[in-house]
Amino acid sequence: TGGEAIAGCALGTVVALPLAYAIYRCRLLAAAVEPFLGATQALPAIAIAPILVLWVGYGITPVIVLCALMVFFPILVSTVVGLRHIDRELLEAAALDGATGWTMAAHMELPLAAPAILGGLRHGRSRGGDGHGRVRARAGTHSNEKQRGHRWHVCRHHDPVHHGNNFVCHRVSH
């Protein structure tokens with residue numbers, strides 16, 4: 001159902017936004033986390049899905065976790081980029097007027113970074129729904145079809161419009 005996709009999108013967003021702001025504010029955290037972010041984005045979701053099934057078992061949990069992971073990275077990266085590209089002169093002017101801490105974040109930084117944040121939310125949401133279908137195929141959670149003797153076969157499909165490889169799931173009856 002779409003409930004797993006919504007839960008995964010919400011979980012990924014709730015984790016990504018505060019972490020992005022912390023990365024933006026703390027250079028030490030940024031130096032520690034950013035190399036791993038680049039490396040983890042190179043992993044395809046189809047490779048992560050079977051690992052999640054092994055780690056957290058069958059059911060809706062791996063679906064929610066994969067959706068959260070697929071939503072997490074675009075939101076995190078776009079939020080950090082949006083925050084880093086705010087005009088420093090605007091922030092300095094706000095600081096001269098007395099804005100600090102949460103006031104600076106709520107009234108200056110987040111509104112000025114909002115276009116990038118919303119773009120990341122839109123991109124992440126579309127990826128989260130895509131991951132929902134992929135992990136459900138691997139976890140065997142399509143309407144209890146695993147118990148009815150069905151299995152899923154995942155194969156590679158080249159999409160000439162988007163110039164990339166997608167994966168298509170086919171149900172095969174025993």
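Refer to the structure above for everything that follows.
Heads up: these notes are all about the structure in this document. (Residues numbered from 1 in each chain as written. Predicted model: local features only at pLDDT ≥ 70, side-chain atom pairs only at ≥ 80, totals over all residues. Heavy atoms only, no water.)

### A look at the overall build of the protein chain
And step 1. A tally of regular secondary structure across the protein chain gives 6 helices and 2 strands.
And step 2. Each of the 174 residues in the protein chain was classed as buried or not, and the buried ones make up 36%.
And step 3. Across the protein chain, every contact between residues at least 6 apart in sequence was considered, and the portion connecting residues at least 24 apart equals 64%.
And step 4. Accessible area of the protein chain: about 10300 Å², with a carbon and sulfur share of 64%. (Helix = DSSP H or I, 4+ residues; strand = E, 2+ residues; numbered from the N terminus. Buried < 20%, exposed > 50% of the residue type's maximum accessible area, 1.4 Å probe, protein only. Contact = heavy atoms within 4.5 Å. Areas by Shrake-Rupley, 256 points an atom, 1.4 Å probe, with all protein chains shown as cover.)

### A closer look at the pattern of salt bridges
And step 1. The tally for this structure, following the rule as stated, stands at 2 salt bridges.
And step 2. Its salt-bridge partner being Glu-109, residue Arg-25 comes within 3.4 Å of it at the nearest N-O pair. Taken as a pair, Arg-25 in helix H1 (residues 2-25) and Glu-109 in helix H6 (residues 101-139) lie far apart in primary sequence, 84 residues in all.
And step 3. A relative accessible area of 46% means that Arg-25 is categorised as partly exposed.
And step 4. Glu-109 gets classed as buried once you look at its relative accessible area, which sits at 1%.
And step 5. Here Arg-84 makes a salt bridge to Glu-34, at a shortest N to O gap of 2.5 Å. With a gap of 50 residues between them, Arg-84 in helix H4 (residues 61-84) and Glu-34 in helix H2 (residues 27-41) connect regions that are remote in the sequence.
And step 6. Look at Arg-84 and you get partly exposed, because its relative accessible area is 38%.
And step 7. Residue class for Glu-34 comes out partly exposed when judged on its relative accessible area of 32%. (Salt bridge = Lys/Arg side-chain N within 4 Å of Asp/Glu carboxyl O.)

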